[in-house]
Amino acid sequence: MNILKLFITTNLIIFTLIVGEAKASDTLYIGFWNLQNLFDTVDDPEKNDEDFLPDGNLEWTEERLDKKMYNLSRIIRMMNDGNGPDILGVCEVENEEVFESMVDKFLSDLDYEIAYIESPDNRGIDNGLIFKADKFELINMQADTVYLSDGWPTRLIFGVNLLTNDNKTLTVFVNHWPSRGGGQKESEPKRIEAALTLRNAVDRIFLTDENANIFIIGDFNDDPVDISLLEALKANPIKCDSIPLELELKSENELFNLAYQSFENSEGSFKYRDTWNMLDQVIVSGSIINGMDFSYICNSFQVFKPKYIVTQSGKYEGTPFPTYGGKKYLGGYSDHFPVITKFEIYRSTE
């Protein structure tokens, strides 16, 4: 079993993971990607999708949709040494049909199944999940509504319960919290509300199993040290280290943010003006840190950015290569980089 230690800086408590002895295991590869407006070309009168129509402002045609689905699938396929992730959460998808179309057309050989629930978001964008059908069985899905003070409908907190081939259960929460539109501080209460909604969903699980296997992935529109994540969700920063520290801690009912170390190293998944932000993150429950059924492979969290999805020149060199720059069609991928992590799944020895 791994050991959890505590390191205190002047203004932040950081947990340090000391890796224990290895056990017989398989590898679990989990990722998340904001797909930047994966819309179909058909008008939905219930959604604000007018820009994403052939005669809309963005001139969104079947040809452009097909190219975007191919581009996204190309990168998804590159993950996990060309095998595709075992689990991938996504956001900014218009509906299950367009998501399924992409998977069926360009990823059918990877044996993915889809988990998806429509959100009430006025923009018409949802969260979804794909998982390898040969590794997991879908138990059920759940969704928690985020109630904002202004009454504006936003994305659901989307939960998926899976069963491994070794009869281990895990819950994956896929998130896309309210944006920073209007300013980071001005919009912060909305993300705090999303964080509290997610924390309530997590605590419901902890009430029955304090060592539950919980994976929280998403675009949180905040950095790991912002109030929504650090105080409302109570996602503890964690770093991998081999230096023994004096205080060992229990991790039951706790959450740990695996993106913190990359954030501390000034990496980011999204760039706004001159600032990189680690908006896309992976957070896990204490059981995964302590190495019970699953164990985080130290320093495996990373921003995934093969050269194809990186702008190669000009003013935006080094940033994600998007589908659109404003209203100008660029034919790229997304305005976010994906994030990925690896875990060990411990096999039963009985």
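What counts and how
Residues numbered from 1 in each chain as written. Predicted model: local features only at pLDDT ≥ 70, side-chain atom pairs only at ≥ 80, totals over all residues. Heavy atoms only, no water. Helix = DSSP H or I, 4+ residues; strand = E, 2+ residues; numbered from the N terminus. Buried < 20%, exposed > 50% of the residue type's maximum accessible area, 1.4 Å probe, protein only. Contact = heavy atoms within 4.5 Å. Areas by Shrake-Rupley, 256 points an atom, 1.4 Å probe, with all protein chains shown as cover. Disulfide = S-S within 2.5 Å. Pairing = 2+ DSSP bridges. Core = buried A, V, L, I, M, F, W, Y, C linked by side-chain atoms within 4.5 Å.

Counting its regular elements, the protein chain contains six helices and 20 strands. In the protein chain, which comprises 350 residues, the proportion classed as buried is 55%. Nonlocal contacts in the protein chain, meaning residues at least 24 apart in sequence, comprise 70% of its contacts between residues at least 6 apart. When the accessible area of the protein chain is evaluated, it comes to approximately 15,600 Å², of which 47% is carbon and sulfur surface.

It is worth spelling out the state of the cysteines at this point. As used in these notes, a disulfide is a covalent bond between sulfur atoms, one from each of two cysteines. Counting across every chain of the model gives one disulfide. In this model, Cys240 is linked to Cys298 through a disulfide, with the two sulfur atoms separated by 2.2 Å. Since a negative S-S torsion denotes a left-handed disulfide, the Cys240-Cys298 link at about -90 degrees is left-handed. Taken together, the residues Cys240 in strand S11 (residues 235-240) and Cys298 in the loop between strand S16 (294-296) and strand S17 (302-303) connect sequence positions 58 residues apart.

Another point: the pairing of strand S8 (residues 157-164). With eight of eight residues buried, S8 is to be regarded as a mostly interior element. With burial as the criterion, each face of S8 is covered, one bearing Ile157, Gly159, Asn161 and Leu163 and the other bearing Phe158, Val160, Leu162 and Thr164. With eight bridges joining them, strand S7 (residues 136-144) and S8 adopt antiparallel strand pairing. If you follow Ala143 over to S8, its bridge partner there is Phe158. Two elements, S8 and strand S9 (residues 169-176), share six bridges in a ladder whose sense is antiparallel. Bridge pairing in S9 places Leu162 opposite Leu170. Remark: four residues form the turn of the hairpin made by S8 and S9, two consecutive strands paired antiparallel; Asn167 in that turn has positive phi of roughly 60 degrees.

On to the nonpolar core. Counting residues in hydrophobic clusters, the biggest one holds 69 residues, and the most contacted among them are Leu28, Leu38, Ile87, Leu129, Phe215, Leu258 and Phe343. Broken down by element, this core gets its largest block of residues, seven residues, from strand S3 (residues 25-38). Each residue touching Phe343, except ones within four places of it in the same chain, is listed here: Asp26, Thr27, Leu28, Ile30, Phe215, Leu258, Val282, Val284, Ile288, Ser295, Tyr296 and Ile297. Residues Trp177, Ile205, Leu229 and Ile283 belong to the second largest nonpolar core, which totals 22 residues.

Attention now goes to the side chain of Asn175. Looking at the element boundaries, Asn175 is found in strand S9. Of the residues examined, Asn175 reaches a relative accessible area of 0% and is grouped as buried. The contacts of Asn175, once residues within four sequence positions are left out, are Phe32, Asn127, Ile157, Leu198, Ile216, Ile217, Gly218, Asp219 and Phe220.

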